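An overview of the molecular structure
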Amino acid sequence: MRAKSRWFTKPSGRNGSAVTNMPEGLWVKCPRCAEIHFAKDIERNLRICTKCDYHYRLHAYERIDLTVDEGSFVKINDDVMSVDPLGFPGYPEKLARAISSTGLTDAVVCGEALIDGRRCVISAADFDFLGGSMGSAVGERLVRAMELSVELRIPFVLFTANGGGARMFEGLYSLMQMAKTSAGLAKMERAAVPYIVVLTDPTMAGVYASYASLGDIILAEPGALIGFAGRRVGNQDMGMKLPDDFQSSEFQFRCGMVDQIVHRRELRSTLATLLMLLAEEGSDVKTSA
Ligand SMILES: [Zn+2]
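Notes on the structure in this doc start here. (Residues numbered from 1 in each chain as written. Predicted model: local features only at pLDDT ≥ 70, side-chain atom pairs only at ≥ 80, totals over all residues. Heavy atoms only, no water.)

With respect to the sheet that holds strand 9 (residues 217-220)
The strand order across the open sheet built from seven strands is 3-4-5-6-7-9-11, with neighbouring strands paired in mixed fashion. The open sheet has two edge strands, strand 3 (74-76) and strand 11 (260-261), and neither has a second partner. Relative to strand 7 (residues 195-199), strand 6 (residues 156-160) runs parallel, the two sharing five bridges. Note on strand 7: the bridge partner recorded for Thr-160 is Leu-199. (Pairing = 2+ DSSP bridges. Helix = DSSP H or I, 4+ residues; strand = E, 2+ residues; numbered from the N terminus.)

Notes on helix 3 (residues 91-102)
The periodicity of an α-helix, 3.6 residues per turn, causes residues three or four positions apart to be oriented the same way. Look at helix 3: 16 Å from first C-alpha to last across twelve residues, which is about the 16 Å you get at 1.5 Å a residue. Restricting attention to buried positions, one finds in helix 3 the residues Tyr-91, Leu-95, Ala-98 and Thr-102. End-on view of helix 3: buried residues confined to an arc of 65°, all on one side of the axis. In helix 3, the exposed residues that point more than 90 degrees away from the buried face are Arg-97 and Ser-100. Just downstream of helix 3, Gly-103 is the residue with a positive phi angle, here 75°. (Expected span 1.5 Å × (residues − 1). Buried < 20%, exposed > 50% of the residue type's maximum accessible area, 1.4 Å probe, protein only. Arc of directions from axis to C-beta.)

With respect to the nonpolar core
In this structure, Leu-142, Phe-156, Leu-199, Tyr-211 and Leu-219 are the most contacted members of the largest nonpolar core, which totals 58 residues. Beyond its immediate chain neighbours, meaning those up to four positions away, Tyr-211 contacts Met-134, Val-138, Leu-142, Leu-158, Thr-160, Asn-162, Thr-181, Leu-185, Tyr-195 and Val-197. Residues Val-28, Cys-30, Cys-33 and Ile-42 belong to the second largest nonpolar core, which totals eight residues. (Core = buried A, V, L, I, M, F, W, Y, C linked by side-chain atoms within 4.5 Å. Contact = heavy atoms within 4.5 Å.)

So, the pairing of strand 7
In terms of burial, strand 7 is a largely internal element, five of the five residues being buried. Taken together, strand 6, helix 5 (residues 171-190) and strand 7 form a β-α-β motif whose crossover is right-handed. Pairing of strand 7 with strand 9 involves four bridges; the strand directions are parallel. In the sheet register, Val-198 faces strand 9, and the bridge partner there is Leu-219. (Right-handed = clockwise from strand over helix to strand, strands pointing away.)

Re the packing of aromatic side chains
Tallied over the full model, the rule gives six aromatic pairs. Centroid distance Phe-156 to Tyr-195: 5.6 Å. Interplanar angle 20°. Geometry classified as stacked. Taken together, the positions of Phe-156 in strand 6 and Tyr-195 in strand 7 put the pair 39 residues apart, joining distant regions of the chain. For the residue pair Phe-156 and Tyr-195, the accessibility class agrees, reading buried in each case. The residue whose ring lies beneath Arg-57 is Phe-127, and the NZ or CZ to ring-centre distance is 4.2 Å. (Phe/Tyr/Trp six-rings, centres within 6.5 Å; stacked < 30°, edge-to-face > 60°. Lys NZ or Arg CZ within 6 Å of the ring centre and 35° of its normal.)

Looking at the coordination of the zinc ion
Protein-derived ligands of the zinc ion are Cys-30 (SG), Cys-33 (SG), Cys-49 (SG) and Cys-52 (SG), with the metal-ligand distances lying across 2.3 Å. If you look at the zinc ion, its four donor atoms make angles of 106 to 113° with each other, and the shape they trace is tetrahedral. Of note, the donors binding the zinc ion are all from one chain and are spaced C-x2-C-x15-C-x2-C. Placement of the pair is Cys-33 in the loop between strand 1 (27-29) and strand 2 (36-38) and Cys-52 in the loop between helix 1 (39-44) and helix 2 (60-67), with a sequence separation of 19 residues. (Donors = N, O, S within 2.8 Å, 3.2 Å for Na, K, Ca; no water. Tetrahedral: all angles 85-135°; square planar, octahedral: opposite > 155°, others 65-115°.)

Regarding the packing of helix 4 (residues 136-152) against helix 5
Contact geometry of helix 4 with helix 5 gives a least axis separation of 9 Å together with a crossing angle of 5°. In this view, helix 4 runs roughly parallel relative to helix 5, as classed from their interaxial angle. Contacts between helix 4 and helix 5 involve Ser-136, Gly-139, Glu-140, Leu-142, Val-143, Met-146, Glu-147, Ser-149 and Val-150 from the first element and Tyr-173, Gln-177, Lys-180, Thr-181, Gly-184, Leu-185, Lys-187 and Met-188 from the second. Here the residues of the contact of helix 4 with helix 5 are counted per class, giving seven nonpolar, six polar and four charged. (Axes fitted to C-alpha atoms, helices over the stretch in contact; angles between N-to-C directions. Parallel < 35°, antiparallel > 145°, perpendicular 65-115°, else oblique. Nonpolar A, V, L, I, M, F, W, Y, C, P; charged D, E, K, R; others polar.)

What follows is the structure, encoded as structure tokens:
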């Protein structure tokens, strides 16, 4: 299941020039502290910088691999595919390129899985698929995942990584997914089935303004970009200087929009604890070793 690395490319020097004599994919430069690491060292460290603790972005399957019990993930909804409802110029080609470069069929992967022996429905977004943007297929996959949670009465765990927000190539059809996913979550709420969302870098715009901010429990990885509009838009619109950590996990936590910031090393155990606490009576027996 584990996806092969796609973004560990040859790093550039501090002034942006290419670092020479480095084989492609062997080295990675930390975007925060500029330290150059062996890619394998970072991989072994859950893709966290060993010097400054920067959390690199994960692909959808890498996220799932790090989170669920080995061999427990069963993929669902993968045949729900994007179409080009508006005839947007270049969109079919962009979609085809994203499919071939990521090996995914759209920007979110859904499935059933166990986390420390406890069942859940799980979804993870992939930023490399058109910025993780939410088109009609992403919305439909997520709503089907929510409906499965309700049917099975097991929690829904979702990892966001949607810097693109709503997918502009699908216009109103993608904006409609904000209402549709919110309605799916309202159904979950009425059925009293828990929804845990983990905000990872980046979670922005229409995704943040819908299902990303509607969790019963909202966790975030440290240092993630989380918000609606970017800093430049905020500065221009409000005409005021924004805090240095504006729209980071830490800023959102201070503002009460995030319940807890959880280090990547602690995420799986935190989710396992939450699933145990939220388990319905009679369902707290582990289903695997
Ligand atoms: Zn670093």
